[in-house]
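Inside the fold
What follows is the residue order along each chain.
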Amino acid sequence: MEEISHPRILSGLVVRDAIREKLASQVSTFLTPPTLMIIQVGDREDSNTYIREKINFGASIGMEVKVKKLKETITEAELEEEIHVHNTDTSVTGIIVQLPLPVHISKHILEHIKPLKDVDCLTAYHEERLKNGDVRSAPATARAIRTLLEYYTIPVASRHIVIVGRSRLVGGPTATLLRLSGAKVSVIHRQTENPKAISQSADVLVVACGVPQLITEEWINPSLHTVVVDVGIHRTETGLVGDVDFDRVKGSVSAISPVPGGVGPLTVASLFEHLVSTHVQSLV
Ligand code: NAD
């Protein structure tokens, strides 16, 4: 069996830094910079970390990120009212409701965000637009995956891309976005029979299943020189790990995105790219 000793590492950090530089220069030309409003329900430690990353990225490009922290016990009606306040505030460019929400609040609450302020692109409005071919409506993680592949000149048109996971947040929109780029996409989910046989035929394997280190060398056919994009993020006692077992697959793939330092930082940058372009649209 062919062994690839040094796969190419697809760092998202260098791509993120390039986007940061471009956005900072763009924002410096605005009379009034765009503002992001993050609504957080409760005080989850992982959410606090993701919010801090957004605040820091925003500050680094000269943008204000505001956080409205609400008590865990807030009712759906109260949260709806809070969203409405920011929908009508003309100084707010984009609104994010930080996920996950407490179990007593339905994800349908997101539908109350005005579509033009839904910079996470999680409302049915954007889902529909993406399906109809408008790539500007792709959620940040899907765009981050496409940007990573573009930056490292990994072709997707006519290639077989296998996506593990079909969530509304990641797997589903990534499949749609890559199909729009001309890829032949197969999607694996919990009920898929014989998933390893499908993933072994991938030119590019995108993994977003939420199961730590599920993907091992058994999912890869080394003769295809597969490119692996690991979207997963899990905090363990020994640090962050992805949905891919990096050490076990690295000898079988031609390129792989690391965790940390892969899709994660690029997702934050993609969110701000979208926010800045929303701001530009609002000026015309
Ligand atoms: P999710 O739980 O909503 O969806 C997981 C999907 O994977 C489902 O479609 C499910 O059917 C499928 N799946 C689960 N177990 C499977 C298995 N054993 N075999 C095949 N398919 C399986 O998760 P999500 O919100 O889509 O997130 C996926 C991963 O991406 C998580 O690790 C999450 O932390 C990470 N994530 C990363 C970023 C980023 O910016 N890097 C952003 C969002 C989510």
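In the block above lies the structure referred to throughout.
Within every chain, residues take consecutive numbers counted from 1 along the sequence as written. Local features in this predicted model are restricted to residues whose pLDDT is 70 or higher, and side-chain atom pairs enter the listing and the counts only when it is 80 or higher, whereas totals over whole chains, interfaces and linings include all residues. Hydrogen atoms and water are omitted, and side-chain values are computed over all heavy atoms in the structure.

Describing unusual backbone geometry
Residue Pro100 follows Leu99 across a cis peptide bond; omega there is 0 degrees. You can see Pro100 is positioned in the loop between strand E4 (94–97) and helix H4 (124–131). For the bond from Val259 to Pro260, the omega torsion is 0 degrees, close enough to zero to count as cis. Within the secondary structure, Pro260 sits in the loop between strand E11 (255–256) and helix H9 (263–283). Phi at Cys121 is positive, roughly 55 degrees, even though this residue is not glycine. Inspection of the secondary structure puts Cys121 in the loop between E4 and H4. Positive phi is not limited to glycine here, since Ser158 has a value of about 65 degrees. Comment: elements are numbered from the N terminus, with helices defined as DSSP H or I runs of at least four residues and strands as E runs of at least two. The residue Ser158 is located in the loop between helix H5 (140–151) and strand E5 (160–164) in this model. Residue exposure (1.4 Å probe, protein chains only): buried if accessible area is under 20% of the type maximum, exposed if over 50%, otherwise partly exposed. Residue Ser158 is classed as exposed on the basis of its relative accessible area, which comes to 53%.

Brief notes about the nonpolar core
As used in this record, nonpolar core signifies buried Ala, Val, Leu, Ile, Met, Phe, Trp, Tyr and Cys residues forming a set joined through side-chain atoms within 4.5 Å. Formed by 45 residues in total, the largest nonpolar core has its most connected members in Leu36, Leu149, Ile161 and Phe272. In terms of residue count, the dominant contributor to this core is H9 (eight residues). Contacts were defined at the residue level, with two residues in contact if any of their heavy atoms lie within 4.5 Å. Not counting the four nearest positions on each side in its chain, Leu36 is found in contact with Met63, Glu64, Val65, Lys66, Gly94, Ile95, Ile96, Val119, Leu271, Phe272 and Leu275. In this structure, Met37, Ile74, Ile83 and Leu122 belong to the second largest nonpolar core, which totals 16 residues.

Structural notes on the pairing of E4
For a regular strand, side chains alternate in direction, first toward one face of the sheet and then toward the other. Side-chain alternation along E4 places Gly94 and Ile96 on one buried face and Ile95 and Val97 on a second face that is also buried. Strands are treated as partners if at least two bridges between them are detected by DSSP. Two strands pair when backbone bridges link them, and strand E2 (residues 35–41) and E4 are joined in this way by four bridges, in the parallel orientation. What sits directly across from Ile39, in E4, is Val97.

Brief notes about the packing of aromatic side chains
Given two aromatic rings, their pairing is described by the distance between the two centres and the angle made by the two planes. Only centres within 6.5 Å qualify two rings of Phe, Tyr or Trp (six-membered ring in Trp) as a pair; their planes then separate them into stacked at under 30 degrees, edge-to-face at over 60, and tilted for everything else. Tallied over the full model, the rule gives two aromatic pairs. Relative to Phe272, the ring of Phe57 has its centre 5.1 Å away and its plane inclined at 35 degrees; by these criteria the two rings are tilted. With Phe57 in helix H2 (residues 45–60) and Phe272 in helix H9, the pair connects residues that are 215 residues apart, well separated along the chain. On the numbers, 5.0 Å between centres and 75 degrees between planes, the contact of Tyr151 with Tyr152 is edge-to-face. We classify Tyr151 as partly exposed; its relative accessible area is 42%. Here Tyr152 falls in the buried class, since its relative accessible area comes to 9%.

Here we look at the site of the ligand
The near set for a molecule or strand comprises every residue that places at least one heavy atom within 4 Å of it. Arg166, Ser167, Arg190, Val231 and Thr267 are the nearest of the 23 residues found near the ligand. Counting of polar contacts relies on pairs of N or O atoms within 3.5 Å, with two restrictions inside protein: one atom must be capable of donating a hydrogen and the other of accepting it, and residues adjacent in sequence are counted only when both atoms are side-chain atoms. Separating an oxygen atom of the ligand from a backbone N or O atom of Arg166 is a distance of 2.8 Å. Between the ligand and Val231, the relevant distance is 3.2 Å, taken from a nitrogen atom to a main-chain nitrogen or oxygen of the residue. Per-residue and other accessible areas follow the Shrake-Rupley method at a 1.4 Å probe size, with only the shown protein chains counted as cover for residues. Taking 860 Å² as the accessible area of the ligand by itself, protein coverage stands at 76%. Residues were grouped as follows: Ala, Val, Leu, Ile, Met, Phe, Trp, Tyr, Cys and Pro as nonpolar; Asp, Glu, Lys and Arg as charged; and all remaining residues, including Gly, as polar. Looking at the shell around the ligand residue by residue, the class counts come to 11 nonpolar, nine polar and three charged.

Thoughts on the sheet that holds strand E1 (residues 8–9)
Ordered by their spatial adjacency, six strands build an open sheet running E1-E11-E8-E7-E5-E6, and the pairing between neighbours is parallel. With one partner strand each, in any of the chains shown, E1 and strand E6 (184–188) form the two edges of the open sheet. Strand direction decides the pairing type here: E5 and strand E7 (residues 204–207), joined by four bridges, are parallel. Residue pairing across strands places Val164 opposite Val207, the latter belonging to E7.

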